[in-house]
Amino acid sequence: MATRSHLPRLLRNASQALSPSPLSHSASASASSSSSASSTLLQQCRSFVQMRTRLEVADNSGAKRVSCIKVLGGGKHGKLGDLIIASVKDAVPRGKVKKGEVVNCVIVRAAMHRQRSDGSEIRFDKNAVVIVNKQGEPIGTRIFGPVPHELRSKNFMKILTLADHVT
Amino acid sequence: MASTCIRQMATLSLKSRVVAAPKGLKVVGLSSPSFTPAVTPSLKQACEPLRSTFQVASKTSVNGRRDKFTVFAQAVTTTPETEAEADTTAEATVPETSDDAPAPAVKSKKLTTRVKHIMEILNKDAVEAANAEKVIPDIRPGDVIQLRIEVPENKRRVSLLRGIVISRRNAGINTTFRIRRVIAGVGVEMVFPLYSPNIKEIKVVDKRKVRRAKLFYLRDKIARMSSC
């Protein structure tokens, strides 16, 4: 069985502690909160964005990785299209944001599936954000990777126009 | 005449398979209890009490040995009318006995209009109605398909989506399929109901050889495997 290093260490330990889990990769995404990572036998645990979630940055603002501090809007859980406050953990040397800065971001790609009103679902392989200012406009000038249509209803039109692919 | 036939019937054992028929008796091969038509009217009244026992016994013997004939020697005068009758009844009853044997019945689901089957019937009608409106091709895991879809979040503009089908979940009208594609370096998975009215067109572009029904292993493979 090949080791899969992309899995969080937590989950790997949890799965080893339980009965020998099958080789099969995950079934549909589980909507469990991340505290119940040990309860899911299957390998992939896709859950909400919450405090201490590490996310990629999908623009050229200078930051590479951020860690979520707070999910705005009153809930504990962040989904696709939500606004969060994050702390920059990793940044390029000469960028608009520096390491340790507290920034506002919008989640543009979420590993957890997001349902649409026609019964379809969308989900991405990784969590990613775009750093925005208080008005909701992106700080960077380019957006990398696909963005979903959900941003349209949240009025992030600038991000949609900058993105190369809207799914 | 009657007394002789009764005596002969009594001597014959019911359990024996092949009975050496005494001369003058027409042997009629029967194992079903309904052999009354072959007997001539005069004999009928005489053999009434014995026939009832014969019938009871024959029933049990039929249940015991279904694939074998129990031959009852019956006193039938070999007159032309009775011969004809006997022949027809023999032929008529022969197929009956072969049907009695447990033939492998073809299993077919009969949806009778009862409350028990109401959801199945509604489901089937909905699927048939959806199929009548639009031709939906057979989508299987491993197919690379191209969708023309009207996304409600996009203010009803038809967009083109492409991807490899990694799973199909059959549930009547709620049949869904999951598409995977790597777009700009990021893997995207989308689930659609097969009979959704928002799907304007489905086109199968390519078929890949797969040995699974669910291709979730593609999530861990390199991006090239999911790109199309």
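Residues numbered from 1 in each chain as written. Chains lettered and ligands numbered in written order. Predicted model: local features only at pLDDT ≥ 70, side-chain atom pairs only at ≥ 80, totals over all residues. Heavy atoms only, no water.

- An unreviewed UniProt entry annotates chain B as Ribosomal protein L19 originating from Ceratodon purpureus.
- Per its UniProt entry, chain B bears the Sequence similarities (unreviewed entry) comment "Belongs to the bacterial ribosomal protein bL19 family." (UniProt positions renumbered as here; feature names shortened; annotations may be inferred.)

- Looking at an unreviewed UniProt entry, chain A carries the name 50S ribosomal protein L14, with the source organism given as Ceratodon purpureus.
- Checking UniProt for chain A, the heading Sequence similarities (unreviewed entry) contains the comment "Belongs to the universal ribosomal protein uL14 family."

### Brief notes about the interface of chain A and chain B
Right, on to step 1. Across the contact, 27 residues belong to chain A and 23 residues belong to chain B.
Right, on to step 2. Between chain A and chain B, the buried area comes to about 2200 Å², and carbon and sulfur atoms account for 53% of it.
Right, on to step 3. Of all residues in chain A, Asp-118, Arg-123 and Asp-125 of chain A bury the most surface against chain B, accounting for 24% of the area lost on that side.
Right, on to step 4. For the pair chain A and chain B, the interface holds 2 salt bridges.
Right, on to step 5. Between Arg-180 of chain B and Asp-125 of chain A there is a salt bridge, and its shortest N-O distance comes to 2.9 Å.
Right, on to step 6. On the surface where chain A and chain B come into contact, there are 5 residue pairs in polar contact (both at pLDDT 80 or more).
Right, on to step 7. For the side of chain A that touches chain B, the secondary-structure elements that each account for two or more residues are strand S6 (121-124) and helix H2 (150-153) of chain A.
Right, on to step 8. Among the elements that make up the side of chain A that touches chain B, the one with the highest residue count is S6 of chain A (4 residues). (Contact = heavy atoms within 4.5 Å. Buried area = accessible area lost by both parts, 1.4 Å probe. Salt bridge = Lys/Arg side-chain N within 4 Å of Asp/Glu carboxyl O. Polar contact = N/O pair within 3.5 Å; in protein donor to acceptor, adjacent residues only side chain to side chain. Helix = DSSP H or I, 4+ residues; strand = E, 2+ residues; numbered from the N terminus.)

### So, the nonpolar core
Right, on to step 1. Counting 41 residues, the largest nonpolar core has Ile-84 and Val-129 of chain A together with Ile-145, Leu-147, Phe-177, Phe-192 and Ile-202 of chain B as the members making the most contacts within it.
Right, on to step 2. Sequence-distant contacts of Ile-202 of chain B, defined by excluding residues within four places in its chain, comprise Pro-137, Ile-139, Ile-145, Gln-146, Leu-147, Phe-177 and Leu-194 of chain B.
Right, on to step 3. Counting residues in hydrophobic clusters, the runner-up holds 13 residues, among them Ala-128, Val-132, Phe-156 and Leu-160 of chain A. (Core = buried A, V, L, I, M, F, W, Y, C linked by side-chain atoms within 4.5 Å. Buried < 20%, exposed > 50% of the residue type's maximum accessible area, 1.4 Å probe, protein only.)

### Concerning the pattern of salt bridges
All names here are of chain A.
Right, on to step 1. Enumeration according to the criterion identifies 12 salt bridges over all chains in this entry.
Right, on to step 2. Asp-82 is the salt-bridge partner of Lys-154, the closest N and O atoms lying 3.6 Å from each other. Placement of the pair is Lys-154 in the loop between H2 and helix H3 (157-162) and Asp-82 in the loop between strand S2 (63-71) and strand S3 (83-91), with a sequence separation of 72 residues.
Right, on to step 3. With relative accessibility at 33%, the residue Lys-154 sits in the partly exposed group.
Right, on to step 4. Glu-150 serves as the salt-bridge partner of Arg-116, at 3.1 Å between the closest nitrogen and oxygen. Taken together, the residues Arg-116 in the loop between strand S5 (114-115) and S6 and Glu-150 in helix H2 connect sequence positions 34 residues apart.
Right, on to step 5. With a relative accessible area of 7%, Arg-116 lands in the buried category.

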